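A look at the structure
Chain by chain, the residues run as shown.
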Amino acid sequence: MGNGESARHWRYPQLPGVDLLRARYIHKTFVWHTHESFVIAAITEGVEEFHHRGAVERTGPGGLALINPEVPHTGRAGAPEGWAYSVLYPAADLVAGVAAETTTLRGTAGFRTPSVDDPQGARLVTAVHRAAEEGNALAADSLLRIALARLLRDHGGPLPERTARTAGARGAARARAILQERMADPPSLERLAAELETGPFALLRAFRTVYGMPPHTWLTDARVRRARWLLDAGTAPAEAAVAVGFTDQSHLNRHFTRIVGVPPGAYQRERARTYKTGPEALS
């Protein structure tokens, strides 16, 4: 990546339902975005700073950033030297399964606090990365489940139920469905509001209240998410860009890198690789 920065976003086939990111960033800025999965980031050097639910969180070495699915957040350096971290992105159903087996939490399990000082938990997360990189499937899977169980025990709680009872919330949900359906050619805010028989500012307020970001920011995030699915399926980056509504590949590159942390080409190359497992991986 240059400028002292490096990043690898990948999957280890023996850990289904988990993405991994190991990176060092100095000038990197993540814009507002969400994840379908959980985010469990162990900071190993420097400081990461991120916005989360109206507050600015700061996490340093030995700390963990713990972000629940679909919660908008940002990311940037909180110190001149930037930050380095190892991140796990476990799928929601994987976390739910560990919670059901190892905790007494009721409802949908998640994390109570977005930033915690937990050196032992951070070491477990980096150990999962190390085992995956060595091709040690038994260790990687075991350490992953131990880490999830421990973090849920120490920092977990039931996630609040999302309800859409008000007219504004129902309108926001309908607006999101329209944007999802017409991602490649979305309506303007005025046209979207007219379709929903509301005003543009009323729609803006309702959408931000329900989804934590305005419609145009949500749409960029959704486009990058769909582009990831297409890249995983083998679609070329230039074709994926047009399919989700970006003007060209450079447009996709810019937004993809600001949300995922790596360019789409590097992302696709890593995902397409076949990783060895067993003793031969250590030779």
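Remember, predicted model here, so these are calculated numbers, not experimental data.

Rules behind the numbers
Residues numbered from 1 in each chain as written. Predicted model: local features only at pLDDT ≥ 70, side-chain atom pairs only at ≥ 80, totals over all residues. Heavy atoms only, no water. Helix = DSSP H or I, 4+ residues; strand = E, 2+ residues; numbered from the N terminus. Rg over C-alpha atoms; globule rule 2.2 N^0.38 Å. Buried < 20%, exposed > 50% of the residue type's maximum accessible area, 1.4 Å probe, protein only. Contact = heavy atoms within 4.5 Å. Areas by Shrake-Rupley, 256 points an atom, 1.4 Å probe, with all protein chains shown as cover. Phe/Tyr/Trp six-rings, centres within 6.5 Å; stacked < 30°, edge-to-face > 60°. Lys NZ or Arg CZ within 6 Å of the ring centre and 35° of its normal. Expected span 1.5 Å × (residues − 1). Polar contact = N/O pair within 3.5 Å; in protein donor to acceptor, adjacent residues only side chain to side chain.

A short note on the overall build of the protein
The number of helices and strands found in the protein is 10 helices and 12 strands. At 19 Å, the protein has a C-alpha radius of gyration in line with the 19 Å of a compact globule built from 283 residues. Counting only C-alpha atoms and orienting by the principal axes, one finds that the protein spans roughly 60 × 45 × 35 Å. Taking all 283 residues of the protein together, the buried fraction comes to 50%. Expressed as a percentage of contacts within the protein between residues at least 6 apart in sequence, the contacts between residues at least 24 apart total 72%. Total accessible area on the protein stands at roughly 13800 Å², and carbon and sulfur atoms take up 52% of it.

Thoughts on the packing of aromatic side chains
Aromatic ring pairs are reported here in terms of the distance separating the ring centres and the angle at which the planes meet. Scanning all chains against the criterion turns up nine aromatic pairs. Taking 5.8 Å as the distance between ring centres and 85 degrees as the angle between the ring planes, the aromatic pair formed by F38 and F111 counts as edge-to-face. In this pair, F38 is assigned in the loop between β3 (29-33) and β4 (39-46) and F111 in strand β10 (residues 109-111), connecting sequence segments 73 residues apart. A single burial state applies to F38 and to F111, both of which are buried. Three or more aromatic residues joined by ring pairs make a cluster, and in this case those are Y25, F30, W83 and Y85. Sitting over the ring of W10, R8 keeps its end group 3.9 Å from the ring centre.

Observations regarding helix α2 (residues 119-133)
The end-to-end C-alpha distance of α2 is 21 Å, a good match for the 21 Å that 15 residues give at a rise of 1.5 Å each. Among the residues of α2, G121, A122, L124, V125, T126, A127, V128, H129, A131 and A132 are the ones counted as buried. Next to the buried residues of α2 lie β1 (6-10), β2 (18-25), β4, β7 (63-67), β9 (83-90) and α3 (137-155). Positive phi shows up at G135, right after α2, with a value of about 75 degrees.

Overview of the environment of T59
Summarising the element assignment, T59 is placed in strand β6 (residues 55-59). Taking the C-alpha atoms as reference points, T59 and P187, separated by 128 residues in sequence, lie 39 Å from one another. Excluding residues that lie within four positions of it along the chain, T59 makes contacts with I43, G46, V47, E48, F50, L64, A65 and S115. For T59, the side chain forms a polar contact with the side chain of S115, separated by 2.7 Å.

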